[in-house]
Amino acid sequence: MNTDATLPDAGPLATGHIATQTGDYVAIVNGRTPLVDYIAQYANLLPLVVEPVLSALDSSVASITLVMCVLSAIGLLAVYGVFREVARSAWIALILYLPFVALSLFPWNDEGPFREFNGNYFGVLPGRYVGPFLLAWLCALSMRRRVPLWALYGSAGLVVINNAEFGGAALIALTAALLAGRDRSSERRSRLGRAVGEATVGLLGAVVITCAVILIRSGELPDPGLLTYFNSLFLRDSFGLVPMPALGLHWALYATHAGALALAAVRFARGDADRTLTAMLAFAGAFGLGSGMYFLGRSVQFQLMLLFPAWALSLALLAWTAAGLLIAAAGDPVRLRRLLLPASAALIGFGVMVSTLDRLPAPWRQVERLADGGPGLPGNAARERYVEANASDGERVLILGTAMDHRLAERAGVVNVSPWNGITALITPNEAELALDALEDEGGSMVFEVVSKVPEQPGLSIEMPEVADLLRERGYTLEDEDSASALRRWRSTSARR
């Protein structure tokens, strides 16, 4: 958790990322609708689910990060549910789960109580992982209990719509798991056809539910092209992409996922009785390889660490399988020799997970960090006052470059029409053009920004002098520059109304 006071001390990466990634959630509170007039970078549906809570709590950083932590905890606990179904023992599941959590939340940077890790990189936890992990749990339940296929694929459809990047990998993983874990004793062509029909109904149901919710909220149907807007943008413009090194830890992740998938295939071919374990090995391996595409384009260290939760799931399942095989092979020297190398690799990997337990933070140190407070985000109060003083209540304006600009608008009593979660989304001139188009389409004429020159007051701002050129080309004139907030106010006299 963080508060408005502690956010500047969250870490050089975490501070900016928290402000940006929570933009998807605060924009919904400020009246934007994902897939219509807002292009989410991390999550489309989760913000709609938690919007009533954030609205009631004034979108404070404390309330936002608390909601993020609760959603992340739900996703992580779903993995405990997976282990519980696989091991059929609450205690064994806990033994698998604690190292899983420790590796999933391994810090990139750790200075006393101040940590940067997947736990405060909300783009992955909860944005990308909560859906796939809940889907994995539902899949595990379906192996031992009757869960309708349409419900599984309906859930998978919602996961894809929430985040197409990891959701697509989860959909593939679900299909692989159901195929690997199916009951082969009752296979019939008619059964296969019925399964395809149920899966199709489930996916269509997810689309219908999403369309209905968004139509009721905005009066418009969602634009499916916005699901992959940022993926296409990053690939098309090679934004932030870094070549993958020939050697590195990433090969251990890919080998682990490939091993889980191969083991699931072997168990399926042999007709092993424990269908739940077979299915979850297939799910973990397929999801791990699919989500591993995240590292292929931008191959940097912390990007790889964002994949640790998927890696930890595969490692834990492989270790549990290896332990069971070694116990079953006791007294058979030939079989033991065949198992020794792969089983040792799996158990050593699990040992690495266990060793990360000592990096879990002491809860009392986190309480002290929150209680001690901090300087708060500089300039925010002054910016809220300036916007409120220069715009009418409920007016459509465009705010660019401030920390949590949609929250600034909400507290100033205006609507920020920006379709972006922050200034870092302005990757090409086209994104700035779309923001101005949104302003004019909604009858607005005023722009507040802090990016067209270096601000005198420090803050979470980026210098983009091209914005001033673009504004002038579109017929905007600079009316005022506030020294207290560093905001520059532009107005157009030709905005469409």
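Whatever comes next refers back to the structure up there.
Asks: It is not clear to me how the overall build of the protein chain should be interpreted in this structure. Could you clarify?
Replies: Secondary structure summary: the protein chain contains 21 helices and 7 strands in total. For 497 residues, the compact-globule estimate of 2.2 N^0.38 gives 23 Å, and the protein chain sits close to it at 25 Å. Considering only C-alpha atoms, the protein chain reaches an extent of 85 × 55 × 45 Å along its principal axes. Counting across all 497 residues of the protein chain, residues that qualify as buried make up 52%. Long-range contacts, defined as pairs at least 24 residues apart, comprise 71% of the intrachain contacts of the protein chain with a sequence gap of at least 6. Carbon and sulfur atoms make up 63% of the accessible area of the protein chain, which totals about 21,300 Å². Considering the protein chain, the positive charge centre built from 39 side chains and the negative charge centre built from 45 side chains are found 14 Å apart.

Asks: Would you explain the sheet that holds strand 7 (residues 488-492) in this entry?
Replies: The strands that make up a sheet pair up through hydrogen bonds in the backbone, lying either parallel or antiparallel. Read across the sheet, 5 strands follow the order 4-3-5-7-6 without closing on themselves; strand pairing throughout is mixed. Each edge of the open sheet carries a strand with a single partner, namely strand 4 (415-416) and strand 6 (476-481). Pairing between strand 6 and strand 7: 5 bridges, direction antiparallel. Residue Glu481 lies in a different strand from strand 7, and its bridge partner there is Arg488. Here helix 18 (residues 380-390) sits on the sheet and contacts strand 5 (446-449), strand 6 and strand 7; the angle it forms with strand 5, its principal contact strand, is near 170°.

Asks: Where do I start with the pairing of strand 5 in this structure?
Replies: Regular strands show a simple pattern: their side chains alternate between the two faces of the sheet. By the alternation rule, side chains of strand 5 split into Met446 and Phe448 and Val447 and Glu449, which are all buried. Bridge count for strand 3 (residues 396-400) against strand 5 is 4 bridges, and the pairing is parallel. For Leu398, the partnering residue across the bridge sits in strand 5 and is Val447. With 4 bridges connecting them, strand 5 and strand 7 associate as antiparallel partners. Across the sheet, residue Met446 finds its bridge partner in strand 7, namely Arg491.

Asks: Which parts of the structure should I look at to understand the packing of aromatic side chains?
Replies: The geometry of an aromatic ring pair comes down to the distance between the two centres and the angle between the two planes. The final tally for this structure, using the stated rule, is 21 aromatic pairs. Measuring from ring centre to ring centre gives 5.6 Å for Trp108 and Tyr121, while their planes differ by 65°; the resulting arrangement is edge-to-face. Of this pair, Trp108 sits in the loop between helix 5 (90-104) and strand 1 (109-111) while Tyr121 sits in the loop between strand 2 (114-116) and helix 6 (130-144), placing them 13 residues apart in sequence. Sitting above the plane of the Phe117 ring, Arg115 keeps its charged end 5.1 Å from the centroid. A cation over a ring is seen here: Arg128 above Phe166, with NZ or CZ 5.8 Å from the ring centre.

Asks: Even after reading the chapter, I still don't get helix 21 (residues 466-473), so can you show me in this structure?
Replies: In an α-helix there are 3.6 residues to a turn, and that puts residues three or four apart on one side. Among all positions in helix 21, only Val467, Ala468, Leu470 and Leu471 are buried. When helix 21 is viewed along its axis, its buried side chains cluster within an angular range of 165° and face the same direction. Set apart from the buried face of helix 21 by more than 90 degrees, the exposed residues are Glu466 and Glu473. Buried residues along helix 21 sit against helix 20 (429-441), strand 5, strand 6 and strand 7. Looking one or two places after helix 21, you find Gly475, whose phi comes out positive at around 90°.

Asks: Explain the nonpolar core here, please?
Replies: For soluble globular proteins, nonpolar side chains are generally found buried alongside one another. Ranked by internal contacts, the top residues of the largest apolar core, which has 74 residues, are Phe83, Phe100, Tyr129, Leu174, Met280, Phe283 and Phe287. In terms of residue count, the dominant contributor to this core is helix 15 (residues 308-328) (11 residues). Other than its neighbours up to four places away in sequence, Phe283 contacts Pro132, Leu135, Ala136, Ala170, Ala173, Leu174 and Ala177. Grouped together as the second largest cluster of nonpolar side chains are 46 residues, Phe230, Ala391, Leu439 and Leu470 included.

Asks: So what exactly am I meant to see when it comes to the packing of helix 4 (residues 61-87) against helix 6 here?
Replies: Angle between the axes and distance between the axes: these two values describe a pair of packed helices. Helix 6 packs onto helix 4 with a crossing angle of 25° between their chain directions and a minimal axis gap of 8 Å. The orientation of helix 4 relative to helix 6 falls into the category roughly parallel. Every pair of crossing elements has a handedness; the one defined by helix 4 and helix 6 is left-handed. Residues Leu71, Ile74, Gly75, Ala78, Val79, Gly81, Val82, Glu85 and Val86 of helix 4 form the contact with helix 6, whose participating residues are Val130, Phe133, Leu134, Ala136, Trp137, Ala140, Leu141 and Arg144.

Asks: Sorry, what's going on with the pattern of salt bridges here?
Replies: Charged atoms that come close allow side chains of opposite charge to pair. Evaluation of the coordinates by the stated rule reveals 18 salt bridges. In this structure, the salt-bridge partner of Glu440 is Arg474, at a minimum N-O distance of 3.2 Å. Pair noted here: Glu440 is in helix 20 and Arg474 is in the loop between helix 21 and strand 6, with a separation of 34 residues, a long-range link. Close ionic contact of Arg489 with Glu479 constitutes a salt bridge, the shortest N to O distance being 2.6 Å. Highlighted residues: Arg489 in strand 7 and Glu479 in strand 6, separated in sequence by 10 residues. Looking at Glu479, the relative accessible area reads 39%, which means it is partly exposed.

Asks: Would you explain a nonpolar patch on the surface in this entry?
Replies: Taken together, Met1, Leu66, Val70, Ile74, Leu134 and Trp137 make up a surface patch of nonpolar side chains, about 470 Å² in accessible area. Contributing elements (two or more residues each) for the nonpolar patch: helix 4 and helix 6. Along the chain, Ile74 falls in helix 4. When its relative accessible area of 40% is taken as the criterion, Ile74 is described as partly exposed.

Asks: What's the story with the side chain of Ser291 in this structure? I'm lost.
Replies: Position of Ser291 among the secondary structure elements: in helix 12 (residues 275-291). In terms of polar contacts, Ser291 uses its side chain to reach the backbone carbonyl oxygen of Gly288, at 3.3 Å. In contact with Ser291, other than residues within four places in its own chain, are Phe166, Ala169, Leu307 and Ala310.

Asks: Teacher, can you tell me more about the environment of Pro429 here?
Replies: Considering the arrangement of structural elements, one finds Pro429 in helix 20. Judged by its relative accessible area of 63%, Pro429 falls in the exposed class. Taking the C-alpha atoms as reference points, Pro429 and Glu466, separated by 37 residues in sequence, lie 8.4 Å from one another.

Asks: What am I meant to see in the packing of helix 11 (residues 250-270) against helix 15 here?
Replies: For the pair helix 11 and helix 15, the least separation of the axes is 9 Å and the interaxial angle reads 45°. Classified by the angle their axes make, helix 11 and helix 15 are oblique. At the point where helix 11 passes helix 15, the crossing takes the left-handed sense. Contacts between helix 11 and helix 15 pair Ala252, Leu253, Thr256, His257, Gly259, Ala260, Leu263 and Arg267 from the former with Phe308, Ala310, Trp311, Ser314, Leu315, Leu318 and Thr321 from the latter.

Parameters and conventions
Residues numbered from 1 in each chain as written. Predicted model: local features only at pLDDT ≥ 70, side-chain atom pairs only at ≥ 80, totals over all residues. Heavy atoms only, no water. Helix = DSSP H or I, 4+ residues; strand = E, 2+ residues; numbered from the N terminus. Rg over C-alpha atoms; globule rule 2.2 N^0.38 Å. Buried < 20%, exposed > 50% of the residue type's maximum accessible area, 1.4 Å probe, protein only. Contact = heavy atoms within 4.5 Å. Areas by Shrake-Rupley, 256 points an atom, 1.4 Å probe, with all protein chains shown as cover. Lys, Arg positive; Asp, Glu negative; His and termini not counted. Charge placed at Lys NZ, Arg CZ, Asp CG, Glu CD. Pairing = 2+ DSSP bridges. Axes fitted to C-alpha atoms, helices over the stretch in contact; angles between N-to-C directions. Phe/Tyr/Trp six-rings, centres within 6.5 Å; stacked < 30°, edge-to-face > 60°. Lys NZ or Arg CZ within 6 Å of the ring centre and 35° of its normal. Arc of directions from axis to C-beta. Core = buried A, V, L, I, M, F, W, Y, C linked by side-chain atoms within 4.5 Å. Parallel < 35°, antiparallel > 145°, perpendicular 65-115°, else oblique. Left-handed = near helix turned anticlockwise from the far one by under 90°. Salt bridge = Lys/Arg side-chain N within 4 Å of Asp/Glu carboxyl O. Patch = residues over 30% accessible without salt bridge, like charges linked within 9 Å, V, L, I, M, F, W, Y side chains within 5 Å. Polar contact = N/O pair within 3.5 Å; in protein donor to acceptor, adjacent residues only side chain to side chain.

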